[in-house]
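Below are the chains, spelled out letter by letter.
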Amino acid sequence: MAKTKLMMLGPPGAGKGTQAQQLAEKFDIPQISTGDMLRSARRKGTELGKEAAKFMDAGELVPDEVVIRIVKERLSEPDAEGGFILDGFPRTVGQAEALDEMGVELEAVLNIEVSEEEVVRRLGGRLSCPNCGATFHEEFKPPTEEGVCDECGSDLVKRPDDRPEAIRERLKAYHAKTAPLVDYYRDQGVLIDVDGEGTPDEVYGRAEAAISD
Ligand SMILES: [Zn+2]
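Residues numbered from 1 in each chain as written. Predicted model: local features only at pLDDT ≥ 70, side-chain atom pairs only at ≥ 80, totals over all residues. Heavy atoms only, no water.

S.K.: Outline the sheet that holds strand E1 (residues 5-9), supporting the account with residue identities and numerical values.
M.R.: With parallel pairing, five strands are arranged side by side in an open sheet as E2-E3-E1-E4-E7. Edge strands, defined here as strands with exactly one partner in the open sheet, are strand E2 (31-33) and strand E7 (191-195). Each neighbouring strand pair of the sheet contributes to a mean axis angle of 25 degrees, computed without reference to strand direction. Strand direction decides the pairing type here: E1 and strand E4 (residues 108-113), joined by four bridges, are parallel. Opposite Met-8, over in E4, you have Leu-110 as the bridge partner. (Pairing = 2+ DSSP bridges. Helix = DSSP H or I, 4+ residues; strand = E, 2+ residues; numbered from the N terminus. Axes fitted to C-alpha atoms, helices over the stretch in contact; angles between N-to-C directions.)

S.K.: Help me get a handle on the layout of surface pockets, residues and values and all.
M.R.: The volume enclosed by the largest pocket comes to roughly 1,600 Å³. Per-element tally for the lining of the largest pocket: the top contributor is helix H7 (residues 164-178), with five residues. Within the lining of the largest pocket, the residues separate by chemical class into 19 nonpolar, 18 polar and 13 charged. (1 Å grid on protein atoms, 1.4 Å probe; cavity = no way out; pocket = protein on both sides within 12 Å on 5 of 7 lines; lining within 4 Å. Points joined across faces, edges and corners; volume = space filled by probe spheres on them. Nonpolar A, V, L, I, M, F, W, Y, C, P; charged D, E, K, R; others polar.)

S.K.: Residues and numbers for the packing of helix H1 (residues 16-27) against helix H9 (residues 200-212), please.
M.R.: With their axes 10 Å apart at the nearest point, H1 and H9 run at an angle of 50 degrees to one another. Viewed along their axes, H1 and H9 adopt a mutual orientation that is oblique. Relative to H9, the crossing made by H1 is right-handed. Only Pro-200, Asp-201, Val-203, Tyr-204, Ala-207, Glu-208, Ile-211 and Ser-212 of H9 make contact with H1, whose side of the interface consists of Gln-19, Gln-22, Leu-23, Lys-26 and Phe-27. Here the contact of H1 with H9 is built from residues that sort into seven nonpolar, three polar and three charged. (Parallel < 35°, antiparallel > 145°, perpendicular 65-115°, else oblique. Left-handed = near helix turned anticlockwise from the far one by under 90°. Contact = heavy atoms within 4.5 Å.)

Pasting the structure below:
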């Protein structure tokens, strides 16, 4: 039996979202990302959704305590009974401890390992269209005409977030706050390292094999 109570861990640019989506489809389990959950709780107008909306509207981070209760609410829905894949939560050791206290037992935490160089190569090459939102990549998905959007003909830009200095800052934040989760889950015996270099298909093959035995 494959493990189906999963969490994705890894630096920005590791491809967690892509891998999570494919695993969710393959094993027919919901992919649960914090951002999606907050938006959904808000749309449904639940008490928690209203509480979260106050912070979101003020442009503030939704506090851990609210996020944790929203995750709990989401995990108690019927489609999560057979498993789930958490993407972007927990983000800190404090959140991981709260998840434990909730009685949620993860079967596998997939730690997608990618070098800093590779992260900068992947994220640093992204190009976005300010007009239609289409995205390209200098190396992996170049537009037909250099610097011009295939969809609408606008000039492509590099978002401030995707500049090398910004990427290194994001990596620093990851190493300070989220990387301690690697040790936390290794100590629990559920951490599985997955080599995140190579094509998305190659990485997916490794991730699927890792939870299937
Ligand atoms: Zn465009």
